[in-house]
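Tertiary structure, described
One letter stands for each residue in the lines below.
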Amino acid sequence: MEKERTEPREPFPCPLDVKVADSITLKLSPTNYFAWKNLMLTFFESHRLSGFVDGTLHPPSKPSPLAESSVLEDKRREEEEERRELTRRDEWDQKHTQHFILINQTLIGIFPFVQTMKSIDWTDQKRGQILSQYMVLHKAALTADWDTAAKFLGQEPVAVFQPITWCLETALIVAVRSAKRNHFVKKVMEKMQRDGVALIAQQDISGATALHAAVDGGNIEAAVWLVQKNSELANIGDKYGTLAVHVAAGLGNREMVDFLLKHTTNLSENESGLKLLHSLASSGLYDIALTFLQQNRKLASMEPSPLVVITQKRTSFLSGTSLNILQHFIYFGSPLKLEDIANHPQERDIENPAKCVGSTLIYDPFNSIKTLRETKLIHHQALNLVKCLCEEVVKTDFPNAAKIFTEPLRNATCLGIHEIVEEILESFPSAIHLRSEKDQSLFHLAIVYRRENVFNLIYQMEEDRRAHAFLSMPDASTNNALHSAGNLALQQQLLLRASAPGAALQMQCELQWFEEVGKCMLPQAREHMNADGKTPQEVFTETHKDLVKEGERWMKDTANSCTIVAALITTIVFAAAITVPGGSFSDSGSDKKGLPIRLGGQAFTVFGVSDALALFSSSASLLMFLSILTCRYGEEDFRYSLPRRLIIGLVTLFLSIISMMVAFGATLKIVFGEKTAWIVIPVAILSCVPVALFALWQFPLLYAMIKSTYFPGIFGKKSNRVLH
């Protein structure tokens, strides 16, 4: 008791070193609230922060000096940021006021019949009253009604230069957002030019010009007109420094980007160029991004690195694309480009190979082959961009390269993009020594996030002993790789549910991970205890007990359902065997008494064989499902024993259904005979429906179980490329 009194306890912990982004990779969206909520609650519990949420941790009577200083520092930063924002707004408003005063002074010299206009304070409360007089012009610009606009401008010629919306947009900016209003845009521009003033570079409240609006609306024709009138429009950015080409790149408008790149001159190895490279990469325009990078190679070593953007595009690589067997065959069998694109001038955009690979040489009614070729081309372009970025980064000094590669390597590992990981390791071999904030190597992260395609890179390492040492090294929590493989957190559960159908297959996958990682560990590390005094096997047993229960429930539910079907088939075919179709001889004086009348016929032989096969297979299926119900359900049973029984049960059940349907068709043939084939054939065809439905619903599960149990598996050397 005395010891407890003398030992101080922290009543109000200050989690200053806790970083949520390092543990929670799932970003909150309108569709994943519950998954995000579970991750956050698990995070709070693991860091002992639940008291802040549920109210069990009461605030102290006197604030901790550390916490108080931290709060005061945050408050001071917020106040300083607010002052900076107010200063920026005042400067922007002052700039706009001076801008409109200059416009009005110019207009006074052009239109002597117009009285001197007072400078308008666009920040006062009378803005609505001032803009109400331009409501007619605003509506005309939205509806492209040039007759009404021309009549209004005849009465107030200066209105063509004045803001007409709350966001200080001119009639040109309003109309240029849609290509359907291009005739109105052309008239407005002609009106401006005819009066001797080409003030088409006016900016709205955010600093955007008419060219920004045209790009935002995808109006390429209007964008060409605007640049022809004023070539400097392409070099004017808004108050955030965003150029029109940045907007086009962010929207993925290839044609607009190609046009604006020819007229934008202030893009180089600076912040604006890096912003463009990020926008091109995020929108998937990898070929344009590669060309731009080759012209401005220093952008590769600037931060934030474009590699960080590319690692967020998982579907831009083969490892992030889900393909079935047929799609996989088409993907690897189709070339990137079947013919010379220049031979097809009818294609509008010949600079985009992805739009030209749809060759007319192959008939593709569902457009799937073309889509797969386009997907393959995107993968190829993205990989080439990654290679170029890695080559340029390694040309810098060692510390800078290590700093740049750290975040992309971590992101690519967590998302399972092994192509990026492999390219980084190939160009910068020392990256294999980079560690995360929790002192985890990339192979530890691959195990934590269950990314087998990244983990398989360990088999491509030239020195196996070094690979074993990597996995055996403990992290900041004193857990080695086998502890990570044995731990089943909420994040791993979400990944498992997305990769394996059913709790039993998920448990089998977890056992495969634990077994494979154990093979790559040093012998003495397999029994290593972490800070909690637990070995990897103890961690596995403790964290997987709920999954074992779910797997047991799933297996029993599946076995119960299939047992009912197998029992029904057994009953039906047994009854059919003792009640033969066509009847039996009943003449007491005949030697054939009791024998089937149709005995010896071809249809009767088919009936007898198929009925017996259905009886035997359904009985075997019934026994297999009963053995599943009586299994002890240990952890190791989910590796081979239970999956093998389920496979045999499903295969024999499927065979019994087919045999039963064949016996049914033979029975129809015996009963109705040759003369009523118009009845027998349609009914026999309809009898195939149950077989097709069973195959459609159960084959994916059966295939997944056979693949995970008997195939080589998800682990192993997948490439001959050696990593040093």
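Residues numbered from 1 in each chain as written. Predicted model: local features only at pLDDT ≥ 70, side-chain atom pairs only at ≥ 80, totals over all residues. Heavy atoms only, no water.

Identification of the chain as PGG domain-containing protein from Rhododendron simsii is taken from an unreviewed UniProt entry.

The helix and strand inventory of the chain stands at 33 helices and zero strands. For the chain, the proportion of its 724 residues judged to be buried stands at 43%. By sequence separation, contacts in the chain at least 24 residues apart represent 73% of the contacts at least 6 residues apart. Split by element, the accessible area of the chain, about 39,000 Å² in all, is 58% carbon and sulfur. (Helix = DSSP H or I, 4+ residues; strand = E, 2+ residues; numbered from the N terminus. Buried < 20%, exposed > 50% of the residue type's maximum accessible area, 1.4 Å probe, protein only. Contact = heavy atoms within 4.5 Å. Areas by Shrake-Rupley, 256 points an atom, 1.4 Å probe, with all protein chains shown as cover.)

Here the focus is the UniProt feature "repeat: ANK" (unreviewed entry) in the chain. Mapped onto the present numbering, the UniProt feature "repeat: ANK" (unreviewed entry) falls at residues 206-238 and 240-272. For residues 206-238, helix accounts for 52% and strand for 0%, while the C-alpha atoms at its two ends are 6 Å apart. (UniProt positions renumbered as here; feature names shortened; annotations may be inferred.)

Below, the discussion takes up the side chain of Gln460. Tracing the sequence through the fold places Gln460 in the loop between α23 (452-455) and α24 (464-472). With relative accessibility at 5%, the residue Gln460 sits in the buried group. A distance of 3.3 Å separates polar atoms of two side chains, one belonging to Gln460 and the other to Glu422. Only 2.7 Å separates the side chain of Gln460 from the backbone oxygen of Arg721, close enough to count as a polar contact. Beyond its immediate sequence surroundings of up to four residues, Gln460 is in contact with Glu422, Lys717, Ser719, Arg721, Val722 and Leu723. (Polar contact = N/O pair within 3.5 Å; in protein donor to acceptor, adjacent residues only side chain to side chain.)

By rolling a water-sized probe across the atoms, one finds the places where empty space is left. On inspection of all chains with the given rule, the structure shows three cavities of 30 Å³ or more. There is about 90 Å³ of room inside the largest cavity. Contributing to the lining of the largest cavity are Phe405, Thr406, Leu409, Arg410, Leu434, Arg435, Ser436, Gln440, Ser441, Leu442 and Leu445. Counting residues per element, the lining of the largest cavity draws most heavily on helix α20 (residues 398-415), which supplies four residues. Of the residues that constitute the lining of the largest cavity, the class distribution is five nonpolar, four polar and two charged. (1 Å grid on protein atoms, 1.4 Å probe; cavity = no way out; pocket = protein on both sides within 12 Å on 5 of 7 lines; lining within 4 Å. Points joined across faces, edges and corners; volume = space filled by probe spheres on them. Nonpolar A, V, L, I, M, F, W, Y, C, P; charged D, E, K, R; others polar.)

In this section: the side chain of His278. Mapping His278 onto the fold places it in helix α15 (residues 271-282). Residues in contact with His278, not counting those within four places in the same chain, are Pro304, Ser305, Pro306 and Val309.

The subject of this paragraph is the environment of His263. Tracing the sequence through the fold places His263 in the loop between α14 (254-261) and α15. Here the alpha-carbon distance between His263 and Glu232, two residues 31 residues apart in the chain, equals 8.3 Å. Residues contacting His263, with those up to four places away along its chain left out, are Val227, Ser231, Ala234 and Asn235. At 3.0 Å, the side chain of His263 forms a polar contact with the backbone oxygen of Phe259.

For the rest of this paragraph, the subject is the UniProt feature "transmembrane region" (unreviewed entry) in the chain. Mapped onto this numbering, the UniProt entry gives "transmembrane region" (unreviewed entry) at residues 562-583, 603-626, 646-671 and 677-697. The span residues 603-626 is 100% helical and 0% strand by assignment, and the distance between its end C-alpha atoms comes to 34 Å. Taken as a whole, residues 646-671 contains 100% helix and 0% strand, while its terminal C-alpha atoms sit 37 Å from one another.

Attention now goes to the nonpolar core. By size, the foremost hydrophobic cluster in this structure holds 148 residues, and its most contacted members are Leu211, Leu226, Leu260 and Phe455. Here the element with the most residues in this core is helix α27 (residues 503-519); it accounts for nine residues. Split by domain, this core shows at least three residues from each of two domains, domain 1 (120-266) and domain 2 (552-583 + 596-710). Sequence-distant contacts of Leu260, defined by excluding residues within four places in its chain, comprise Leu211, Val215, Val227, Ala244, Val245 and Ala248. In terms of nonpolar packing, the next biggest core, distinct from the first, is built from seven residues, Ile24, Leu39, Leu49 and Leu490 among them. (Core = buried A, V, L, I, M, F, W, Y, C linked by side-chain atoms within 4.5 Å. Domains from an automatic or database assignment.)

Chain-level pLDDT for the chain is 79 on average; 75% of the residues reach the 70-or-more range. Confidence scores differ between elements of the chain, with helix α1 (residues 2-6) showing the lowest mean pLDDT of 41 and α14 the highest of 95. Across residues 99-124, where pLDDT falls below 50, the model places 36 contacts with residues more than four positions away in sequence or in other chains. (pLDDT = per-residue confidence, 0-100.)

Together, Ile325, Phe699, Tyr703, Tyr710 and Phe711 give the surface a local cluster of nonpolar side chains, amounting to about 550 Å² of exposed area. At three residues, helix α33 (residues 688-710) tops the list of elements feeding residues into the nonpolar patch. With respect to the element layout, Tyr710 can be found in helix α33. (Patch = residues over 30% accessible without salt bridge, like charges linked within 9 Å, V, L, I, M, F, W, Y side chains within 5 Å. Salt bridge = Lys/Arg side-chain N within 4 Å of Asp/Glu carboxyl O.)

With that settled, consider the packing of helix α18 (residues 325-333) against helix α19 (residues 368-393). Their axes nearest at 9 Å, the elements α18 and α19 cross at an angle of 60°. If you check the angle between α18 and α19, you find them oblique. When you trace α18 past α19, the crossing you get is right-handed. Note on element contacts: α19 touches α18 through Ile369, Leu372, Thr375, Lys376 and His379, opposite Gln327, Ile330, Tyr331 and Phe332. Taken together, the residues of the contact of α18 with α19 break down into five nonpolar, three polar and one charged. (Axes fitted to C-alpha atoms, helices over the stretch in contact; angles between N-to-C directions. Parallel < 35°, antiparallel > 145°, perpendicular 65-115°, else oblique. Left-handed = near helix turned anticlockwise from the far one by under 90°.)

Approximately 2,000 Å³ is the volume found for the largest pocket. Lining the largest pocket we find 44 residues, and of these Leu323, Glu452, Ser499, Lys707 and Ile714 sit closest to its centre. Counting only elements with at least two residues in the lining of the largest pocket, the list comes to α18, α21 (418-427), α23, α26 (490-499), α27 and α33. Partitioned by chemical class, the residues of the lining of the largest pocket number 20 nonpolar, 16 polar and eight charged.

Moving on: the packing of aromatic side chains. Following the criterion strictly, the structure yields 14 aromatic pairs and no others. Here Tyr134 and Phe152 contribute two aromatic rings whose centre-to-centre distance is 6.4 Å and whose plane-to-plane angle is 75°, an arrangement assigned as edge-to-face. Placement of the pair is Tyr134 in the loop between α6 (127-132) and α7 (135-143) and Phe152 in helix α8 (residues 146-155), with a sequence separation of 18 residues. Accessibility classification places Tyr134 together with Phe152 in one group, the buried group. Considering the side-chain rings of Trp513 and Phe715, the 4.8 Å spacing of their centres and the 85° angle between planes classify their relative orientation as edge-to-face. Separated by 202 residues along the polypeptide, Trp513 in helix α27 and Phe715 in the segment after α33 bring together distant segments of the chain. Each member of the pair, Trp513 together with Phe715, is buried. Three or more aromatic residues link up through ring pairs in this structure, and these residues are Phe455, Tyr459, Trp513 and Phe715. Note that Lys376 overlies the ring of Tyr331, its terminal NZ or CZ placed 5.7 Å from the centroid. (Phe/Tyr/Trp six-rings, centres within 6.5 Å; stacked < 30°, edge-to-face > 60°. Lys NZ or Arg CZ within 6 Å of the ring centre and 35° of its normal.)

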